[in-house]
Amino acid sequence: MAPQAKVQCFAAKDKKGKLERCEYEPLPLQAGDIEIKVTHNGLCHSDVHVMREEWGPCKYPMVPGHEIVGVVEQLGSSVTHLKKGDTVGFGWFKDCCQHCDACITGNDNICPEGAATIMGGGKNTGGFAERFRGSGNLAVKIPDNMSPADAAPLLCAGITVWSPIRKYVTKPGMKVGVVGLGGLGHLAIQFLAKAVGAEVFAISHSPNKREEAMKLGATHFVGLEDIKDNTLDVVLNTTPGGMDAKKLLSKVGYNGALVYLGGGTDTIKIVAFDLIPAQKQVVGSCVGGRALMREMFQLASLHDIKPIVDKMPLDKCNEAVDRLMGGEARYRIVLETGDAFSRSNL
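All of the points below concern the structure found in this document.

Here the largest pocket is characterised by a volume of approximately 1,000 Å³. Listed by contribution, the elements that provide at least two residues to the lining of the largest pocket are α1 (45–51) and α9 (317–325). By residue number, the principal contributor to the lining of the largest pocket is α1, which donates three residues. A class-by-class count of the residues in the lining of the largest pocket yields 18 nonpolar, 20 polar and four charged.

Printed below as a string of structure tokens:
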């Protein structure tokens, strides 16, 4: 087989996470695959977790990026539902087995054989590159009325909040707490208010975020201590860590759920009797399957739900990571490929 054209990218070469200009030879394009020219990447905290081996061992060089938007340039021989020139996106997963119980019931996001876009590094190359390959079945068509920059964060942050909202917020008027007003939280508030009609409690200790939270659709802006115990039907914890699980759970009412969305490494400390008397649940939620992804984009398009983005050139990715980790992202950094690979190295 003739060697393939190498892909220019930005990759971490060790767990210090410093991104450098480099190149790799892509895996062969399979019959069900597509190749896209990458135009935009959302920057997610998960990229940093993987780069720094906070979620387990990583093979280097590691190319981050799992909120990827681009234009279809190549199609495998069996791909018929897409065409060259389509604008599509890839999220946390770039492939799944298509035949397990999870896949055939619409839960391909928990497919045991699912191929995470960046997890583990090595051959799992993400979108901080000029081109990206993945299964055509996992590609999401971006609505015509949505900009690529607005679409990118929905591919991880958006589906991460929509999936548990769809599952646990079952009727309008339910009282839902959103902990954290960041990349996940600011989207959760919009989906809850605009698409579901929930009574939204934005839970934050940053008074400077009150005005923004209310504009996004929050009904209340409160500190955790301001909420009476057993008040909320659902609490979505979007923070990466540092929250007292017992205190959060105390605000959840009968048959309610505390849902963890941030991928932190803190131990959740509760005892069985925190759950049993009021039949409370503590659960995690892992992005969402293709059906939910499609539904989420349709709702976002219909209700004008969009992230607040801070655009930066892709070759400023190290600066972007520093801003993210310094809490300066408002609320999702989106990296634009532009002419990053025709300019000089970082």
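The structure having been displayed, the exposition proceeds.
All right, on to the sheet that holds strand β15 (residues 281–284) then. The parallel open sheet is built from six strands, whose spatial order is β12-β11-β10-β13-β14-β15. The outermost strands of the open sheet, each flanked by one partner alone, are β12 (220–222) and β15. Going from strand to strand, the sheet's axes swing by 20 degrees on average, the running direction of each strand aside.

Its twelve residues give helix α5 (residues 185–196) an end-to-end C-alpha distance of 15 Å, which sits within 8% of 16 Å, the value for a rise of 1.5 Å per residue. With respect to burial, α5 is a largely interior element, nine of its twelve residues being buried. Three or more residues of α5 are buried, namely Gly185, His186, Leu187, Ala188, Ile189, Gln190, Phe191, Leu192 and Val196. The inward-facing, buried residues of α5 contact α4 (157–168), β10 (175–179), β11 (199–203), α6 (210–216), β13 (232–237) and α8 (290–303).

This part is about the pattern of salt bridges. Two side chains carrying opposite charge are able to pair once their charged atoms lie near each other. If you walk through the whole model with that rule in mind, you get 18 salt bridges. A salt bridge links aspartate 86 to lysine 83; the nearest nitrogen and oxygen atoms lie 2.9 Å apart. Residues arginine 166 and glutamate 295 are paired through a salt bridge, measuring 2.7 Å at the closest nitrogen-oxygen approach. Of this pair, arginine 166 sits in helix α4 while glutamate 295 sits in helix α8, and the two are 129 residues apart along the sequence. What emerges from the salt-bridge pattern is a single network uniting Glu35, Glu130, Arg131 and Arg133.

One pass over the full model with this rule turns up one cavity of 30 Å³ or more. A volume near 120 Å³ is recorded for the largest cavity. Trp92, Phe93, Leu138, Gly288 and Met293 are, among the 14 residues lining the largest cavity, the residues nearest its centre. In terms of residue class, the lining of the largest cavity is built from eight nonpolar, four polar and two charged.

A few words now on the environment of glutamine 190. Considering the arrangement of structural elements, one finds glutamine 190 in helix α5. Classification of glutamine 190 by relative accessible area gives buried; the value is 3%. The spacing of glutamine 190 and lysine 306 is 116 residues in sequence and 8.2 Å in space, taken between C-alpha atoms.

The full count for this structure, using the stated rule, is zero disulfides. Here cysteine 100 stays unpaired: no disulfide links it, and the sulfur of cysteine 97, its closest cysteine neighbor, is 3.6 Å away. Not engaged in a disulfide, the cysteine cysteine 286 finds its nearest cysteine sulfur in cysteine 156; these two sulfurs lie 8.9 Å apart. According to the relative accessible area criterion, cysteine 286 is partly exposed, its value standing at 36%.

Cut-offs applied
Residues numbered from 1 in each chain as written. Predicted model: local features only at pLDDT ≥ 70, side-chain atom pairs only at ≥ 80, totals over all residues. Heavy atoms only, no water. 1 Å grid on protein atoms, 1.4 Å probe; cavity = no way out; pocket = protein on both sides within 12 Å on 5 of 7 lines; lining within 4 Å. Points joined across faces, edges and corners; volume = space filled by probe spheres on them. Helix = DSSP H or I, 4+ residues; strand = E, 2+ residues; numbered from the N terminus. Nonpolar A, V, L, I, M, F, W, Y, C, P; charged D, E, K, R; others polar. Pairing = 2+ DSSP bridges. Axes fitted to C-alpha atoms, helices over the stretch in contact; angles between N-to-C directions. Expected span 1.5 Å × (residues − 1). Buried < 20%, exposed > 50% of the residue type's maximum accessible area, 1.4 Å probe, protein only. Contact = heavy atoms within 4.5 Å. Salt bridge = Lys/Arg side-chain N within 4 Å of Asp/Glu carboxyl O. Disulfide = S-S within 2.5 Å.

Nothing here speaks to function; it is all geometry.
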